Every structure is written in structure tokens, then in C-alpha cells.
Amino acid sequence: MAQITQTLAKEILDSRGIPTIETTLTIDNERKVTASVPAGTSTGTHEAVELRDNDQNRFYGKGVLKAVANVNAVIGPAILGKDPTRQTDVDQILVNLDGSLNKSRLGANAILSVSTALCKAGALAYNLPVYKYLFAKYRLAKDPPTFPTPTFNVINGGKHGAGNLDFQEFHIIPSTRMSYSQALQTGVEVYHAIDQVLTKHGAIHSVGIEGGFAPNLYNNSDALELILEAIRTTKYKYGEDVFLGLDVAASNFYKGGKYQIKDRKEPFSTKEFIDYYKGLNDQYHLYTLEDPLFEDDWGSWTTLTKEIGTSTVVIGDDLLTTNKERTLKGIAEKCCTGILAKPNQIGTISQAIEVITIAKNAGWQVVVSHRSGETNDDFIADFAVGVGAHYTKFGAPARGERIAKYNRLLDIESELTAKPQAPQTNA
Ligand code: PGA
Ligand code: ZN
């Protein structure tokens with residue numbers, strides 16, 4: 001049995017230049033694993049709580065020294081000598097130590113840094129890559145695991161982009177028929193084609209925090225038109241090789257019971273907004289539609305899913321927050337047909353896996369997702385393959401912290417498709 005012999009956390013920076021926490025676990029006094037945690041910019045109200053120092057003298061209050069101290073002084077001693085392969089048991093120790101409903105006492109960031117490191121340590125104890133370890137442990141995927149299809153966030157609006165779009169993410173989704181490396185190439189080529197089209201139109205653009213372009217456009221649906229124009233300049237066919245998706249993150253522009261976006265002067269009532277989506281879907285055949293409505297309006301989600309859920313994957317992110325109770329409610333009320341799974345929304349790896357299991361058993365599509373604030377830790381790529389996610393959401397194919405995940409998936413793909421070496425003969 002492997003044993004945890006040291007737990008050491010420190011403060012590092014994420015891709016937004018905001019502090020986050022990194023934890024190193026030592027097992028059996030010799031082998032080490034390190035894990036860091038991501039953070040959201042457009043977080044759901046019902047997510048587990050990130051502990052920040054709120055000391056205005058450091059990083060505008062965003063420091064995580066309290067969370068670091070909680071790992072070093074509280075969590076570390078409690079898991080000393082524990083077996084890292086007992087993920088659920090050790091995660092339960094962390095949950096009990098925290099004692100709150102939303103992990104606000106020790107911090108979900110502190111807890112997840114340890115829980116993720118534990119998962120890596122468990123894999124190391126078996127000398128397995130993390131995706132194979134997860135697969136062998138939880139059997140959530142076929143053998144060998146089918147590869148998730150990457151979805152690329154190529155235009156960033158809302159809280160993610162400096163441009164003027166209300167919708168947060170405009171996605172391109174390569175056909176699930178493609179191998180991962182073909183899908184990656186497709187995503188990259190369309191991404192560069194969008195750059196060219198934006199330049200041609202003189203639409204001012206920089207990139208947003210997930211690496212997608214952040215242009216100023218007349219309205220939100222113009223961004224979809226622009227992507228279609230870009231696809232037409234490539235060898236890929238829209239509707240055959242590549243599809244469109246949205247993460248609207250609608251709670252961010254839901255005010256006083258209405259949805260205010262630049263596509264119409266008057267704000268939309270919920271019923272009008274559902275009709276707007278039906279029209280948008282008739283025009284663009286959205287493959288996925290994430291967070292189309294306010295995060296607590298369960299009944300309207302059910303109505304929308306009834307209308308478009310057979311042709312479009314309606315994905316709950318802020319609605320479900322990788323939370324077991326909310327996911328069970330979403331399933332019972334038929335609010336969506338897919339879930340965005342983010343371990344840091346709930347704070348431990350075993351709780352995230354429990355939610356994914358529930359979603360899969362309900363026949364939902366599972367999208368394993370990064371956060372807008374990321375590090376170069378590529379754990380989430382192994383996690384996505386290991387739990388048999390249908391899709392990944394790792395941002396644009398640009399910026400080091402996103403590329404780390406895409407490149408890790410390339411490694412995993414080549415491991416999974418490698419032909420066994422023929423035995424050498426001396427003939
Ligand atoms: P976040 O956004 O990581 O900034 O919270 C991602 C999302 O809404 O899917
Ligand atoms: Zn989202």
C-alpha cells in the first residue's frame with residue numbers, strides 16, 4: 001500500500017495573472033506529484049467556494065495564502081499515512097474536515113488541489129497514466145476509452161472578451177466521426193480562418209481569456225455568420241465536418257426577470273427568449289447550447305429542452321454546477337440533455353465522478369471542461385478521457401495553458417492507437 005508522507009501547498013499564478021494554489025504530495029517519502037487548480041471568471045452562484053484572502057494589500061484581495069495554510073496545517077496532517085488510491089475515502093476526510101455545505105471553510109480550491117494530487121498519486125502508485133488509472137478504477141468508459149470530441153471556443157464575449165458581444169462563447173465542433181488529431185487540425189484551421197475574416201472586415205479584435213477572438217460586432221448572431229464565412233474559406237463543410245455551438249452564460253445578462261442583449265433594443269421576456277433560440281436554431285442548427293437561460297429558472301429550461309432538445313444538446317453549466325442534488329433535479333425535470341463537468345465547481349474528484357456517473361446513467365452527454373483561469377496542469381485532459389467524456393471544452397486552440405491540454409490529448413491518442421510492437425526475431 002502506498003502512503004502519503006508529505007503535503008505541501010504554495011501560491012502560484014493562473015493564466016489571468018491571478019493567484020491560485022498548487023499542492024505537491026509525496027508518497028512513500030520519494031515519489032512526488034503536483035496539481036494546481038483552475039478558477040472561473042463567470043462562476044455559477046451554486047458552485048463550491050474558492051477561498052481568497054481578501055487582503056487588499058496583496059493581489060487586490062485575490063491571494064490564496066489562507067487556502068495554502070489550510071492545506072499545509074489542517075489537511076496535510078489529517079491525510080498523513082493515508083493510501084492515495086482510496087480516493088473516495090480520502091476525499092470524504094477532506095469534506096468532513098471542511099464541514100460546510102459549499103467548502104467555504106477550508107476552500108474548494110484548497111480541497112481540490114489535494115484531491116487532484118491524490119488522483120495523480122493513485123495513478124503513480126499503480127505506475128499508470130492518470131487516464132488509464134481512472135478508467136480502470138471507475139469503468140466509466142468503454143475499453144479502450146472512446147476519445148472525447150474537442151469543442152473549440154473560438155470567439156469570446158461576455159465576461160471573457162474585451163469586445164462587445166453578450167454571449168460568452170461561440171464554439172466550433174468538429175464531427176464526432178473524426179479522430180482526435182483530425183478534429184484538432186480542423187479546429188486550428190477554422191480558428192486561423194476566423195482571424196483572416198476578422199482582419200478582412202476590419203473588426204477590431206484581440207483574444208479573450210480563453211484564447212478566442214474578442215471582436216466588436218453589430219450583434220451576437222453576426223459572430224455566428226462570421227464563423228460560417230470563415231468555414232467557407234476552408235476545406236471543411238459546415239453541417240458535415242464542423243458544427244456550431246454556444247455557451248450563452250445567460251445569467252450574466254439576466255436582469256429583473258428579462259434578458260437584455262444587443263440583438264434587440266427591448267429586453268426579451270423568458271418566453272420571447274425561448275422563441276429567439278428556436279429561430280436561431282432554425283437558422284444555424286446549433287449542435288450544443290449551454291446555459292441558455294437563468295441558472296435558477298428550472299421550469300423554463302424544461303420548456304426549452306422540450307422544444308429543441310432532440311436536435312441540440314442543451315447543456316447545464318451554471319444550472320447544475322457539477323452538484324449531485326442539482327443534477328438529479330435537472331434529470332428529474334428534464335431540464336437539459338448534457339452536463340458541463342468541472343471538478344472545481346464541486347471541489348473533489350470523487351464527487352465530480354459521482355455526478356458524471358449519474359449524468360451518464362441518465363443518457364446525458366458529458367462535456368468535461370477547463371475554467372477560464374487555468375494553469376499548465378494537463379490533468380483535465382486525462383480526466384476527460386478516463387471518465388469517457390463525450391466532449392471536451394478546453395477553450396481556443398491558442399495560449400499555452402489551453403494548448404497544454406490539447407497536446408496532452410495528442411499524447412493519449414497516440415498511446416491508445418499505438419500498435420503493439422511485433423516481437424523481434426533473429427531470422
Ligand atoms: P468560467 O467560464 O470558467 O469563466 O466560469 C466557463 C463557462 O462558463 O463555461
Ligand atoms: Zn458555461
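As annotated in an unreviewed UniProt entry, the protein carries the name Enolase. Quoted verbatim from the Pathway (unreviewed entry) field of the UniProt record, the comment on the protein reads "Carbohydrate degradation; glycolysis; pyruvate from D-glyceraldehyde 3-phosphate: step 4/5." Per UniProt, the protein carries the Catalytic activity (unreviewed entry) text "(2R)-2-phosphoglycerate = phosphoenolpyruvate + H2O".

## Observations regarding empty space enclosed by the protein
Tallied over the entire structure, the rule returns three cavities of 30 Å³ or more. Size it by volume and the largest cavity reaches roughly 170 Å³. Looking at the lining of the largest cavity residue by residue, the classes come out as seven nonpolar, six polar and five charged. In this structure, the lining of the largest cavity is formed jointly by two domains, domain 1 (4-127) and domain 2 (137-417), each of which donates at least three residues. When its residues are assigned to classes, the lining of the second largest cavity shows no nonpolar, eight polar and eight charged. Built from parts of two domains, the lining of the second largest cavity gets at least three residues from each of domain 1 (4-127) and domain 2 (137-417).

## Re the packing of helix H1 (residues 65-79) against helix H2 (residues 87-98)
Two packed helices can be described by the angle between their axes and the distance between those axes. It is the contact of H1 with H2, at a shortest axis distance of 10 Å, that shows an interaxial angle of 140°. Classified by the angle their axes make, H1 and H2 are oblique. Relative to H2, the crossing made by H1 is right-handed. Two secondary-structure elements touch here, H1 through Val74, Ile75, Ala78 and Ile79 and H2 through Val90, Ile93, Leu94 and Leu97. Looking at side-chain class alone, the contact of H1 with H2 contains eight nonpolar, no polar and no charged residues.

Scoring rules and cut-offs
- Residues numbered from 1 in each chain as written.
- Chains lettered and ligands numbered in written order.
- Predicted model: local features only at pLDDT ≥ 70, side-chain atom pairs only at ≥ 80, totals over all residues.
- Heavy atoms only, no water.
- UniProt positions renumbered as here; feature names shortened; annotations may be inferred.
- 1 Å grid on protein atoms, 1.4 Å probe; cavity = no way out; pocket = protein on both sides within 12 Å on 5 of 7 lines; lining within 4 Å.
- Points joined across faces, edges and corners; volume = space filled by probe spheres on them.
- Nonpolar A, V, L, I, M, F, W, Y, C, P; charged D, E, K, R; others polar.
- Domains from an automatic or database assignment.
- Axes fitted to C-alpha atoms, helices over the stretch in contact; angles between N-to-C directions.
- Helix = DSSP H or I, 4+ residues; strand = E, 2+ residues; numbered from the N terminus.
- Parallel < 35°, antiparallel > 145°, perpendicular 65-115°, else oblique.
- Left-handed = near helix turned anticlockwise from the far one by under 90°.
- Contact = heavy atoms within 4.5 Å.

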